[in-house]
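These are the residues of each chain, in order.
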Amino acid sequence: MSNIQVPDAWSTVIGDATVVEVEATTVLDALVLLTNRFPVLRVRVFSKPGVVASWLNVAVDGAILSRQDIPHTPLTANQTVLVVPAIAGG
């Protein structure tokens, strides 16, 4: 099993959890499983089916992934996927 760590602000809509366990072989699969389990997160994670939203940063074990790498990045047991909304402002 791998873990997905979500922002604290999202925990209120998924039952106060900030870490969700998933069994997935890629980062994209893990995000799909997360949103299948918590459909309310779908609009926060994906801009359209299978496309991670541009306002979201994704990292595996601390290494930030590029958008093009997210669908193909393998995920092994005990790895942690970190989901971080992008911060904008000026």
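For the structure itself, look to the data block above.
Sequence order as written defines the numbering, with residues in each chain counted from 1. Thresholds applied to this predicted model are a pLDDT of at least 70 for local features of residues and 80 or more for the giving and counting of side-chain atom pairs; totals over whole chains, interfaces and linings are not thresholded and use all residues. Just so you know, side-chain values use all the structure's heavy atoms and leave hydrogens and water out.

1. Considerations on unusual backbone geometry
And then number 1: With a phi angle near 50°, Asp61 is a residue other than glycine that sits in the positive phi range.
And then number 2: Mapped onto the elements of the fold, Asp61 is located in the loop between strand 5 (56-60) and strand 6 (63-64).
And then number 3: Positive phi outside glycine occurs at Asn78, with the angle close to 75°.
And then number 4: Looking at where Asn78 falls in the secondary structure, it is placed in the loop between strand 6 and strand 7 (80-85).
And then number 5: Asn78 gets classed as exposed once you look at its relative accessible area, which sits at 67%. Helix and strand labels come from DSSP, where a helix needs a run of H or I of at least four residues and a strand needs a run of E of at least two; each type is numbered from the N terminus. Buried residues are those whose accessible area, probed at 1.4 Å on protein chains only, stays under 20% of the maximum for their type, while exposed residues exceed 50% and partly exposed ones sit between those limits.

2. Focus on the sheet that holds strand 7
And then number 1: Strand pairing is defined by DSSP finding a minimum of two bridges between the two strands. Pairing is mixed across the open sheet formed by 5 strands, whose spatial order is 2-1-7-5-6. With one partner strand each, in any of the chains shown, strand 2 (19-22) and strand 6 form the two edges of the open sheet.
And then number 2: Note on contacts: a residue pair qualifies if any of its non-hydrogen atoms lie within 4.5 Å across the two residues. Note on definitions: angles span 0 to 180 degrees between N-to-C directions of axes, and those axes are lines fitted to C-alpha atoms, for helices only across the stretch in contact. Strands strand 1 (2-5), strand 2, strand 5 and strand 7 of the sheet are contacted by helix 2 (residues 27-37), whose axis makes an angle of about 115° with strand 2.

3. Quick look at the environment of Asp8
And then number 1: Within the element layout of this structure, Asp8 appears in helix 1 (residues 8-11).
And then number 2: Judged by its relative accessible area of 61%, Asp8 falls in the exposed class.
And then number 3: As for Asp8 and Val58, which are separated by 50 residues in sequence, their C-alpha atoms are 15 Å apart.

4. Re the pairing of strand 2
And then number 1: Residue alternation in strand 2 divides its side chains into a buried set, Val20 and Val22, and an unburied set, Val19 and Glu21.
And then number 2: Sheet analysis places strand 1 next to strand 2, joined by 4 bridges and oriented antiparallel. Counterpart to Asn3 in the pairing with strand 2 is Glu21.

5. Examining the pairing of strand 1
As a general feature of sheets, a regular strand has side chains that alternate between the two faces.
And then number 1: With burial as the criterion, only one face of strand 1 is covered, namely that bearing Ser2 and Ile4; the residues Asn3 and Gln5 on the opposite face remain uncovered.
And then number 2: Note: strand 1 against strand 7, 3 bridges, orientation parallel. Bridge assignment links Ile4 to a residue of strand 7, and that residue is Val81.

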